[in-house]
Amino acid sequence: GIALQSSSINITDPKLAEIALQESEDRYRTLIQEADVSIVLIDPETSRVIQFNKKVHENLGYTAEEFARLGIGDIETESQTPEQIAEHTRKILTLGNLIFERRHKAKNGELRQMLINATVISYQGKQAILGITGIKVVFHYAYMKARGEGVALFRTEAEALEWLVQSTMNGG
């Protein structure tokens, strides 16, 4: 006689997992794109922009396509030379996190003072620098108001931003 052997693989669970993963990625992408802060991912080897949200290019007056072609030296006025950019990048990579102020040059030439929180992350198996900025004005106001009342909640704006980042990461 003829023997017939059959096997089946249940693809329902992997397919559901794939759908759930796609939905999770879509939620994450929406969260980042719609955030009210500027978020940029920088390749530390090339100082070029890897990814960014729309707030970054909108705040500086660029289209997404224009901003995607830029590097750090194109927007930072205080780190113009490749050597200065490389040195600052090494400092961030060594420390793992650095909060600092920089003036960014908008497309129209206007200079914008920024407080930047740069953190080293793993991205596609390599190190990358995640930069977040955009809340300086709020903290500057709160800082100055607290100083005027003689109640300094934070000694510097950098402390205020660090507190925000930590409280956000800790769910508070």
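Residues numbered from 1 in each chain as written. Predicted model: local features only at pLDDT ≥ 70, side-chain atom pairs only at ≥ 80, totals over all residues. Heavy atoms only, no water.

1. Concerning the overall build of the protein chain
Defined as follows: A run of H or I in DSSP counts as a helix once it spans at least four residues, and a run of E counts as a strand once it spans at least two, with each numbered from the N terminus. To sort residues, take the accessible area from a 1.4 Å probe on protein chains only and compare it with the maximum for the residue type: under 20% means buried, over 50% means exposed, and anything in between is partly exposed. Whether two residues are in contact is decided by their heavy atoms, any of which lying within 4.5 Å being enough. Residue exposure ignores everything except the shown protein chains as possible cover, and the areas themselves are Shrake-Rupley values with a 1.4 Å probe.
Of regular secondary structure, the protein chain possesses seven helices and five strands. Overall, the protein chain shows an N-to-C arrangement of helices and strands of α-β-β-α-α-α-α-β-β-β-α-α. Among the 172 residues that make up the protein chain, the fraction classed as buried is 33%. Long-range pairs, those at least 24 residues apart, make up 39% of the contacts in the protein chain with a sequence separation of at least 6. On the protein chain, roughly 11700 Å² of surface is accessible, and the fraction owed to carbon and sulfur atoms is 56%.

2. Quick look at empty space enclosed by the protein
Let me state the cut-off plainly: Points on a 1 Å grid, built from protein atoms alone, make a cavity when a 1.4 Å probe fits but cannot get out and make a pocket when they are open with protein on both sides within 12 Å along at least 5 of 7 lines; residues with an atom within 4 Å of a point are the lining residues. Grid points are joined across faces, edges and corners, and a volume is the space filled by probe spheres set on the points. Residues were grouped as follows: Ala, Val, Leu, Ile, Met, Phe, Trp, Tyr, Cys and Pro as nonpolar; Asp, Glu, Lys and Arg as charged; and all remaining residues, including Gly, as polar.
On inspection of all chains with the given rule, the structure shows one cavity of 30 Å³ or more. The space that makes up the largest cavity amounts to roughly 360 Å³. Lining the largest cavity are 26 residues; nearest its centre among them are Val 40, Ile 42, Glu 76, His 104 and Ile 116. Mapped by element, the contributors of at least two residues to the lining of the largest cavity are β1 (38-43), α2 (54-59), α4 (72-75), α5 (82-95), β3 (97-105), β4 (111-123) and β5 (126-133). Tallied by class, the residues present in the lining of the largest cavity amount to 16 nonpolar, nine polar and one charged.

3. Quick word on the nonpolar core
Applied cut-off: We call a set of buried residues a nonpolar core when its members are Ala, Val, Leu, Ile, Met, Phe, Trp, Tyr or Cys and they connect through side-chain atoms within 4.5 Å of each other.
Core analysis: the largest hydrophobic core is formed by 21 residues, its most contacted members being Val 40, Leu 60, Phe 67 and Ile 92. For Leu 60, the residues in contact, after removing those within four places along its chain, are Phe 67, Ile 75, His 104, Lys 105, Ala 106, Lys 107, Arg 112 and Met 114.

4. Re the sheet that holds β3
For clarity, the threshold we go by: Note: two strands are recorded as paired if DSSP finds a minimum of 2 bridges between them. The angle between two axes is taken between their N-to-C directions and runs from 0 to 180 degrees, where each axis is a line fitted to C-alpha atoms and a helix contributes only its stretch in contact.
Across the sheet, which stays open at both edges, the five strands sit in the order β2-β1-β5-β4-β3 with antiparallel pairing between neighbours. Edge positions in the open sheet fall to β2 (48-52) and β3, since each of these has one partner strand only. The sheet shows a mean angle of 35° between the axes of neighbouring strands, direction not considered. In terms of strand pairing, β1 meets β5 through five bridges, oriented antiparallel. Looking across to β5, one finds that Ile 39 is bridged to Ile 132. Here α5 sits on the sheet in contact with β3, β4 and β5, set at roughly 155° to β3.

5. Remarks on the pairing of β2
As judged from the four bridges shared by β1 and β2, these two strands associate in the antiparallel manner. Its bridge partner being in β2, Leu 41 is matched across the sheet by Gln 51. Once β1 ends, the chain turns through four residues before running back antiparallel as β2, passing Ser 47 with a positive phi of about 60°.

6. Digging into the confidence of the model for the protein chain
For clarity, the cut-off: You can read pLDDT as the predictor saying how much it trusts each residue, on a scale of 0 to 100.
Looking at the protein chain as a whole, the pLDDT averages 76, with 67% of positions reaching at least 70. Mean pLDDT in the protein chain bottoms out at helix α6 (residues 136-148), which sits at 53, and peaks at helix α3 (residues 64-68), which reaches 94.

7. What to know about the pairing of β4
Relative to β4, β3 is paired through nine bridges, and the arrangement is antiparallel. Paired with Lys 105 across the two strands is Leu 111, which belongs to β4. Between β3 and β4, which pair antiparallel in sequence order, lie five residues; one of them, Gly 109, sits at a positive phi of approximately 95°. Taken together, β4 and the strand that follows it, β5, pair antiparallel across an intervening segment of two residues, in which Gln 124 is found at a positive phi of about 50°.

8. Concerning the pattern of salt bridges
When their charged atoms lie close together, side chains carrying opposite charge are able to pair. Heads up, the rule is: In the sections that follow, a salt bridge refers to a side-chain nitrogen of Lys or Arg positioned within 4 Å of a carboxyl oxygen of Asp or Glu.
What the rule picks out here adds up to six salt bridges. Between Lys 126 and Glu 45 there is a salt bridge, with its nearest N and O atoms 3.8 Å apart. Within this pair, whereas Lys 126 is found in strand β5, its partner Glu 45 is found in the loop between β1 and β2, the two being separated by 81 residues in sequence. Relative accessible area serves as the criterion here: at 40%, Lys 126 is assigned to the partly exposed category. Note that Asp 74 and Arg 48 form a salt bridge whose closest N and O atoms lie 3.9 Å from each other. Of this pair, Asp 74 sits in helix α4 while Arg 48 sits in strand β2, placing them 26 residues apart in sequence. Classification of Asp 74 as partly exposed rests on a relative accessible area of 33%. For Arg 48, a relative accessible area of 36% corresponds to the partly exposed category.

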